[in-house]
Amino acid sequence: MPTTKDFKLEELSKYFHLPEKAVAKELGICLTSLKKLCRSYGITRWPFRKLKSIQRTLAKVQDESAQPGVSAQYSAAGLVLECGDANNNVAPKSETSETSN
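Note that the coordinates shown come from a computational prediction; the quantities given were computed from them, not determined experimentally. (Residues numbered from 1 in each chain as written. Predicted model: local features only at pLDDT ≥ 70, side-chain atom pairs only at ≥ 80, totals over all residues. Heavy atoms only, no water.)

Turning our eyes to something else, we now look at the nonpolar core. Counting residues in each nonpolar core, the largest one holds 13 residues, and the members touching the most others are L12, L27, L34, C38 and W46. The set of elements that each furnish at least two residues to this core consists of α2 (20-27) and α3 (31-40). Once you skip the residues sitting within four places of it in the chain, L12 turns out to touch L27, L34, L37, C38, Y41, I43 and W46. (Core = buried A, V, L, I, M, F, W, Y, C linked by side-chain atoms within 4.5 Å. Buried < 20%, exposed > 50% of the residue type's maximum accessible area, 1.4 Å probe, protein only. Helix = DSSP H or I, 4+ residues; strand = E, 2+ residues; numbered from the N terminus. Contact = heavy atoms within 4.5 Å.)

What follows is the structure, encoded as structure tokens:
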């Protein structure tokens with residue numbers, strides 16, 4: 001039976017897409033040992049749920065950007081979606097709206 005010292009971080013990272021219990025069973029160790037192994041590598045939470053959340057968000061954004069009339073813009077700060085007309089033309093935003101009296 002393998003000990004927790006036999007698993008390297010690279011090997012462990014191959015299982016991040018699976019739930020903790022499934023990984024422990026796959027590796028042939030108990031869940032407590034898997035958690036101790038993760039803590040030894042600085043992994044405080046098993047990343048499965050976070051990865052699933054990111055995948056769901058990405059799928060949602062891709063679905064929204066595939067709809068007609070929606071233009072997706074990517075910036076260094078993150079993802080920004082702007083609604084446009086049927087030709088994906090986005091109306092320019094005015095910086096100030098001054099009215100003269």
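Looking now at α2. Those residues of α2 that fall on the buried side of the exposure criterion are V23, A24 and L27. One side of α2 holds all its buried residues, which, seen down the axis, span an arc of 100°. Exposed residues on α2 whose side chains face more than 90 degrees from its buried face are K21, K25 and E26. Where the residues of α2 are buried, they touch α1 (9-13) and α3. (Arc of directions from axis to C-beta.)

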